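Structure assessment
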Amino acid sequence: MRVLVTGASGFIGKALCRELLARGHTVRGAVRRPGPSGGAEVEQVIVPDIAAAFDRGTLLHDVEAVVHLAAIAHRNASDSELRRVNVDAAVRLAEAASGTVRRFVFLSSVKVHGEDSGGRAYSEIDPLHPEDYYGRAKRDAELALTEVAARSGMELVMIRPPLVYGPGVGGNFLRFLRWVDSGLPLPLAGVFNRRSLICLDNLADAIALCVEHPGAGGPILLGDAESVSTPELTARIARALDRPARLFGVPPALLRMAGAICGRRGEVLRLTRNLVIDPSRARRLLDWRPRRTLDEGLDETAEWFRSLSR
């Protein structure tokens, strides 16, 4: 089918475009500026501002499915800008698509549920209690898109991944790779938590399946096959980078206090709290299983990371 992918030149977008092309689909990619977007076969449409008022007919012409990835997650973005790009743009595109497009796939986030799953795993039926601007914007977009789909009959899939890692990753995960690669001791040995992640290849495969599968619909939580503690993740990254994992113990409460003093409270909380997802709905609804293990995903990420310094 012909699939429109917004954010096609981004970290996830390029991987998804490659996956869709490999599965025989025709891909139209909405990008802010010309550049790589997963293959020369991608039909690029330049959209400098996805949230602006413009005729979306060119984007949607002959399109059967839309995958809306375009979003901002910058820590310094204002609440109003996050809402404009992450909510308003999604709703405008869905409204324009609702008359002709069969399925709308929206990349949301596990953050709509919150930042700490406690001693259990989040499932799709859990309440939506986002704790930051980004999570609230994703929640508001989900609610608005649900209304559009209910009015129009357009099929809606809302994918809620945890942290995504893989070649080309940026943000906190890239910073964590650099910390581990430095060989400096890290004060994480006293952290006893569990966190879900998903590697880029697994996410691209799952999104493509949500485009294709006749039973896909509603919210879907996705993750790698195993969740890990922060110390275990550190050790596995160190192994993939062929570096020693140097960890020493500091009580998590002291880590959180130090993070607050240094202006890194959010990062420390993510390193110390639990955030586990239950992927059983994806297994039951789509018969989806992650095709890459955590270690395979980390090996691929480490290989890319080492190539940056060559």
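Please refer to the structure placed before this passage.
Predicted, not measured: the structure shown is a model, and the values here were computed from it.

A closer look at the side chain of serine 229
Mapping serine 229 onto the fold places it in the loop between strand 9 (218-221) and helix 7 (230-241). Residue class for serine 229 comes out buried when judged on its relative accessible area of 12%. Separated by 3.1 Å, the side chain of serine 229 and the backbone nitrogen of glutamate 232 make a polar contact. Excluding its chain neighbours within four sequence positions, the residues that come into contact with serine 229 are Asn193 and Arg194.

Some thoughts on unusual backbone geometry
Phi is positive for aspartate 242, which is not a glycine, with a value near 60°. For aspartate 242, the position within the fold is in the loop between helix 7 and helix 8 (252-261). The phi angle at aspartate 287 is positive, at roughly 55°, despite the residue not being glycine. Locating aspartate 287 in the fold gives a position in the loop between helix 10 (280-286) and helix 11 (294-307). A relative accessible area of 59% means that aspartate 287 is categorised as exposed.

Some words on the environment of aspartate 62
For aspartate 62, the location among the structural elements is in the loop between helix 2 (57-60) and strand 4 (65-68). Here aspartate 62 falls in the exposed class, since its relative accessible area comes to 52%. Residues aspartate 62 and glycine 171 lie 109 residues apart in sequence; the distance between their C-alpha atoms is 36 Å. A polar contact is formed between the side chain of aspartate 62 and the side chain of histidine 61, at a distance of 3.2 Å.

What counts as what
- Along each chain, the written sequence defines residue order, and numbers are assigned to residues from 1.
- Totals for whole chains, interfaces and linings use every residue, but because this is a predicted model, local features are given only for residues with pLDDT of at least 70 and side-chain atom pairs only at 80 or more, for both listing and counting.
- Based on all heavy atoms of the structure, the side-chain values leave hydrogens and waters out of the count.
- Helix and strand assignments come from DSSP, with helices taken as H or I runs of at least 4 residues and strands as E runs of at least 2, each series counted from the N terminus.
- Each residue's exposure class comes from its accessible area (1.4 Å probe, protein chains only) as a fraction of the maximum for that residue type: buried when under 20%, exposed when over 50%, partly exposed otherwise.
- In protein, a polar contact means a hydrogen-donor-capable atom and an acceptor-capable atom, both N or O and within 3.5 Å, with residues adjacent in sequence counting only if both atoms are side-chain atoms; elsewhere, any N or O pair within 3.5 Å suffices.
- Between two residues, a contact is recorded if the distance between any of their heavy atoms is within 4.5 Å.

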